[in-house]
Amino acid sequence: VVGRITVDSESSSGPLKLNEASLVLESSRMMGSGTRIPLRFDQETKIRRGKGGMGGQGLFLGAIVALKGKNGGGGSFLASEILSVRARLPPSTVNIR
């Protein structure tokens, strides 16, 4: 699944902070109608195609992520792998005069 990291505003009190209890995955509108589902990580979550020597993956509010995992029953998405997302934009072809 590809989506965006956000927080559950109902489970977080005060300033919005990322923690395991408040993590939510928001799917794209095209592929998942923008559905939000609680996000959990398997104890042995793997990081694929990351930079060599990196021991972890930084997640932040609004981050676009690609995850492999299971959504058995619809209560939450259990991620077993974090895939590296490398968005490459084409070079700009705008001519400024």
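The shown structure was predicted, so the numbers you read here are calculated from the model rather than taken from an experiment.

*Asks:* Help me out: how do you make sense of the environment of Phe60 in this one?
*Replies:* As for its placement among the helices and strands, Phe60 is situated in the loop between strand S3 (36-48) and strand S4 (64-70). With 54 residues separating them in the primary sequence, Phe60 and Thr6 have C-alpha atoms 8.2 Å apart.

*Asks:* So what exactly am I meant to see when it comes to the pattern of salt bridges here?
*Replies:* Pairing is possible between side chains of opposite charge, provided their charged atoms come close. Enumeration according to the criterion identifies 2 salt bridges in this entry. Across the salt bridge formed by Arg4 and Glu26, the nearest N and O atoms sit 2.3 Å from each other. Of this pair, Arg4 sits in strand S1 (residues 2-7) while Glu26 sits in strand S2 (residues 23-27), and the two are 22 residues apart along the sequence. Owing to a relative accessible area of 35%, Arg4 belongs among the partly exposed residues under this scheme. A relative accessible area of 14% places Glu26 in the buried class. In this structure, Glu26 and Arg36 form a salt bridge, with 3.0 Å as the shortest nitrogen-oxygen distance.

*Asks:* Before we go on, may I ask you to explain the pairing of S4 in this structure?
*Replies:* When a strand is regular, its side chains alternate between the sheet's two faces. Two strands pair when backbone bridges link them, and S1 and S4 are joined in this way by 3 bridges, in the antiparallel orientation. Across the sheet, residue Gly3 finds its bridge partner in S4, namely Val65. Pairing analysis gives 5 bridges linking S4 to strand S5 (residues 77-83), with the strands arranged antiparallel. Bridge pairing in S5 links Gly69 to Ala79. Joining the antiparallel neighbours S4 and S5 is a turn of 6 residues, in which Gly73 adopts a positive phi near 105 degrees.

Conventions we followed
Residues numbered from 1 in each chain as written. Predicted model: local features only at pLDDT ≥ 70, side-chain atom pairs only at ≥ 80, totals over all residues. Heavy atoms only, no water. Helix = DSSP H or I, 4+ residues; strand = E, 2+ residues; numbered from the N terminus. Salt bridge = Lys/Arg side-chain N within 4 Å of Asp/Glu carboxyl O. Buried < 20%, exposed > 50% of the residue type's maximum accessible area, 1.4 Å probe, protein only. Pairing = 2+ DSSP bridges.

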